[in-house]
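# Breakdown of the fold
Residues per chain are reported as follows:
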Amino acid sequence: MLSLSWGTLRERRWLFAGAVSAVALGVALVQSSLLTLVATGEPQIPPGTSGREAEQIREGYVGAATLLGMTVLLAAFLAVFIVGSTFAFTVAQRRRDLALLRLAGGSRRQLVVLLLTEALLLGLAGTVLGVLLGVPAMWAQAWLLVRLGFLPGHFTVGWSAGVLPVSAGVGLGVAVCGVLAAALRAARLRPLDAVRDSGAAARVMTAGRWLVGLSCLALAAPLVVAGQSADFLGALLVAMAVSMLGAVAFSMLSPLLVPPAGWVLGSALRRAGVLGELAEANLREGTRRSAATAAPLIVLVALTAGFAGTLDSLAAATGVEIRRLTAGDLVVESTGAQAARLRQIPGVAVASTRLSVEISIRAEHREEGRTWRHTYHSGIVAIDPDAYQRTQRLRPAAGSLDRLRGATVAIGPGLAAEPIRRKVPPVARIGDRRVRLRIVAAMPEVLENGADAFLVPRELIPDELAARSAAETIVQVAPGASVQEVAARIRAADLGTVRTVSEWADARVAAQTRGNRDIMLVLLGMSGLYAAIAVVNALVMAGAERRTEFAVARLTGLSRGQVVRAALVESCAVIAIGLLLGGLVAAAALSGLQVIAVPWTLLFWLAAGAFLVGGATTVLTAWWATRPAPVTLAAARE
């Protein structure tokens, strides 16, 4: 059986090369993500680092670990999905060969053993190649995390032999599991049905496809509703779940969705003449091939557009919230010393300054019976509570900012969800002083990422420290005064950078959007590349197995160029269907959000890239497949 499997692999090497590539890339992606995740477990703090810098490094490690944890899950999902669909496609492409083996005397058990042996050989080859590819992939991920600022420049990640069992389990496991269901189905088919492509062999929608597709669809629907009330991380997780479940559902049900979509595209295809009609017929009849080609594209579009749309929508909602909560006309960014002079500018009625002070606060947490203390160095702002409440519409969820006087503190929106013990006084270190603070208020949670952690009264901060602190002042212009004139006076006095509230909110949204783009690069950079390569892989596998079909078309009177153009039209139609179905999944992931920002630029480049890469792959594959004389191929065994 081993020699027969080896001979089959050598004979149909182009078909099985795609399966090996899928396994290798999946193993490399999982391995690199896992090793980088392990390296973020213990933050590397250089000696002599200040408390604020050390906290920022730790927060970067936590954020990177969270992203990499999601990346590992996403990589494992893509590996299982893409390898499974690829191996199922390889078995489906060989159904007539397998039927002839049965007719020659092979039993069902022997057929299953043959396919599993092939899967083990392919999985082993893909695992070895994936382990080697995982090393540069690991370096690339670490470089990206450092380049985008999630981790410090001294971050390093090394390869460990302990990951080999995981890599082997992923490679061999997904290969065997991916081919098992297809092997059992192939063994159950009647050989004559498989040879003639009739009866059960002609049915693409198997019981397994129905079960998986409808189950994922049923699970995704309530998550769409749950996304309406989720926070930032919750919305991201919901989008990930809806995108993955929806992608699987639409991929499994694609044999039902592709023909109607092809019928809708039929009018456009028929306008291309005879070649368009041929492409439409191939699209309608080659349902299994079209579904296998569209599946990775559906996943790619659903994940990319769904995640990017969710993050952009959250950023847009943040901008809406900032405008709604801010009661002012101008925002001035300066130092504390400059901010203290703003009230002297003619036309300024109220100037509410937030000082980002370099102090630390140690607070006690308690959750599920466990108590611990944590020292915060970032997100601590000093305010004048009276001016603050006149320029901010956000009101405390508990307590009152009117009591923010002396040695007191208010829990800011950034820590609203943290289990801080409010009856235990936090301790602030201000220079050389240690001050016990009484918690007098707790602010509600907001959408903005990196919101204030603690609010302390301005009178608690020494003048020297306040003068050199970064300041952000919301200015209310006096009635009858011109906002533009007041802004000009502030600029003329060289008191900082002046923007309107709308411009300031837009800048905050733009900064969060840039951060979201970085998150997308880490989360979907290599995973998206894997899915894109899977699309190319499916196109190559499908085209390489159509040599006889292309030869018959040429014998009917079509030239080689016409056959290639017909394949290109068909491929573009399949790509369009994949984009449409993936876009519908992304739309479902976004539908639960109150503010929706569609990433049109990303969608444009994604579609343009899909048509460009997919079209080029199809042309090259079809041109290669039509090289031999058509008479020799038409007379040969498929």
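Computed from a prediction, not measured in an experiment: that's the story for all the values here.

### With respect to the packing of helix α12 (residues 287-325) against helix α19 (residues 560-590)
Relative orientation of the contacting elements α12 and α19 amounts to 35°, with a least axis distance of 7 Å. You can see that α12 and α19 cross each other, and the crossing is right-handed. Taken together, the residues of the contact of α12 with α19 sort by class into 13 nonpolar, nine polar and two charged.

### Topic: the packing of helix α18 (residues 547-555) against α19
Taken N-terminus to C-terminus, the directions of α18 and α19 make an angle of 130°; their axes are 9 Å apart at the nearest point. With respect to α19, the axis of α18 lies oblique. Note on packing geometry: the crossing formed by α18 with α19 is right-handed. In this structure, α18 uses F550, A553 and R554 to contact α19, whose residues at the interface are R560, V563 and A567. Of the residues assigned to the contact of α18 with α19, the class counts are four nonpolar, no polar and two charged.

### Quick notes on the sheet that holds strand β10 (residues 438-442)
Backbone-to-backbone hydrogen bonds pair the strands of a sheet. The strands run either parallel or antiparallel. The nine strands lie next to each other as β6-β10-β7-β11-β5-β2-β12-β1-β13, forming an open sheet whose pairing is mixed. The open sheet is flanked by β6 (398-399) and β13 (497-500), the only strands paired with a single partner. Here two bridges tie β6 to β10, and the two strands are oriented antiparallel to one another. Bridge pairing in β10 places A398 opposite A442. Here helix α16 (residues 483-492) sits on the sheet and contacts β1 (330-335), β2 (348-356), β12 (470-477) and β13; the angle it forms with β1, its principal contact strand, is near 10°.

### So, the side chain of T618
Relative to the helices and strands, T618 resides in helix α20 (residues 600-625). Here T618 falls in the buried class, since its relative accessible area comes to 10%.

### Let's talk about unusual backbone geometry
With a phi angle near 55°, D494 is a residue other than glycine that sits in the positive phi range. Its location among the elements puts D494 in the loop between α16 and β13.

### Brief notes about the packing of aromatic side chains
What characterises a pair of aromatic rings is the spacing of the ring centres plus the angle enclosed by the ring planes. Under the defined criterion, the tally for this structure stands at three aromatic pairs. Ring geometry for Y61 and F155: centres 6.0 Å apart, planes at 75°, overall edge-to-face. Taken together, the residues span a long stretch of sequence, with Y61 in helix α3 (residues 51-93) and F155 in the loop between α5 (108-147) and α6 (164-188) at a distance of 94 residues. One exposure class covers both Y61 and F155, and it is buried. On the basis of an interplanar angle of 70° and a centroid distance of 5.4 Å, the ring pair of Y376 and F454 is categorised as edge-to-face. Pair noted here: Y376 is in strand β4 (residues 370-376) and F454 is in strand β11 (residues 454-457), with a separation of 78 residues, a long-range link. There is no split in this pair, since Y376 and F454 are both buried. Directly above the ring of W623 sits R560, whose terminal nitrogen or CZ lies 3.6 Å from the centroid.

### Section: the sheet that holds β4
Within the open sheet, the four strands sit side by side as β4-β3-β8-β9. Their pairing is antiparallel. Unpaired on one side and paired on the other, β4 and β9 (433-436) mark the two borders of the sheet. Going across the sheet, the axis of each strand differs from the next one's by a mean of 20°, ignoring polarity. Direction of pairing for strand β3 (residues 360-367) relative to strand β8 (residues 427-430): antiparallel, over a ladder of three bridges. Within the sheet, the bridge partner assigned to S360 lies in β8 and is R429.

### Notes on the pairing of β3
As paired strands, β3 and β4 are joined by seven bridges and run antiparallel to one another. The partner of H365 across the bridge, within β4, is W372. The turn joining β3 and β4, which pair antiparallel and follow one another in sequence, is formed by two residues; a positive phi near 55° is taken by E368.

### Overview of a positive patch on the surface
Residues R362, R429, R434 and R436 make up a contiguous surface patch of positive charge. Note on placement: R429 falls in strand β8. Given the relative accessible area of 39%, R429 is considered partly exposed.

### Notes on the environment of A487
Examined against the element boundaries, A487 turns out to sit in helix α16. For the pair A487 and V331, spaced 156 residues apart in sequence, the C-alpha to C-alpha distance is 9.3 Å.

### A closer look at the pattern of salt bridges
Between side chains of opposite charge, pairing is possible as soon as their charged atoms come close. Counted according to the given criterion, the structure contains eleven salt bridges. In this structure, D386 engages R405 in a salt bridge whose closest nitrogen and oxygen atoms are separated by 3.0 Å. Of this pair, D386 sits in helix α14 (residues 385-391) while R405 is found in the loop between β6 and β7 (408-411), placing the two residues 19 residues apart along the sequence. When its relative accessible area of 41% is taken as the criterion, D386 is described as partly exposed. Residue R405 is classed as partly exposed on the basis of its relative accessible area, which comes to 36%. Residue R489 pairs with E485 through a salt bridge whose shortest N-O separation is 3.7 Å. One end of the pair is R489 and the other is E485, both in helix α16 and four residues apart, which spans about a single turn. Given a relative accessible area of 35%, R489 falls into the partly exposed group. Accessibility expressed as a relative area gives 45% for E485, which makes it partly exposed. Overlapping salt bridges bring together R354, D452, E472 and R508 as one network.

### Remarks on the side chain of S33
Here S33 lies in helix α2 (residues 13-39). For S33, a relative accessible area of 0% translates into the label buried. A polar contact of 3.1 Å, which involves the side chain of S33, links it to the side chain of Q141. The contact partners of S33, leaving out residues within four places of it in the chain, are L68, T71, V72 and Q141.

### Remarks on a nonpolar patch on the surface
Taken together, the side chains of W210, L214, L217 and L256 define a hydrophobic patch exposed on the protein surface, amounting to about 340 Å² of accessible area. If one sorts the elements of the nonpolar patch by residue count, helix α8 (residues 207-226) sits on top with three residues.

### As for the pairing of β7
Where burial is concerned, the two faces of β7 agree: the one with T408 and A410 and the one with V409 and I411 are both buried. As paired elements, β7 and β10 share four bridges and run parallel to each other. Bridging across to β10, T408 finds its partner in R438. The pairing of β7 with β11 spans two bridges and is classified as antiparallel. Bridge pairing in β11 links I411 to F454.

Definitions and limits used
Residues numbered from 1 in each chain as written. Predicted model: local features only at pLDDT ≥ 70, side-chain atom pairs only at ≥ 80, totals over all residues. Heavy atoms only, no water. Axes fitted to C-alpha atoms, helices over the stretch in contact; angles between N-to-C directions. Helix = DSSP H or I, 4+ residues; strand = E, 2+ residues; numbered from the N terminus. Left-handed = near helix turned anticlockwise from the far one by under 90°. Nonpolar A, V, L, I, M, F, W, Y, C, P; charged D, E, K, R; others polar. Parallel < 35°, antiparallel > 145°, perpendicular 65-115°, else oblique. Contact = heavy atoms within 4.5 Å. Pairing = 2+ DSSP bridges. Buried < 20%, exposed > 50% of the residue type's maximum accessible area, 1.4 Å probe, protein only. Phe/Tyr/Trp six-rings, centres within 6.5 Å; stacked < 30°, edge-to-face > 60°. Lys NZ or Arg CZ within 6 Å of the ring centre and 35° of its normal. Patch = residues over 30% accessible without salt bridge, like charges linked within 9 Å, V, L, I, M, F, W, Y side chains within 5 Å. Areas by Shrake-Rupley, 256 points an atom, 1.4 Å probe, with all protein chains shown as cover. Salt bridge = Lys/Arg side-chain N within 4 Å of Asp/Glu carboxyl O. Lys, Arg positive; Asp, Glu negative; His and termini not counted. Charge placed at Lys NZ, Arg CZ, Asp CG, Glu CD. Polar contact = N/O pair within 3.5 Å; in protein donor to acceptor, adjacent residues only side chain to side chain.

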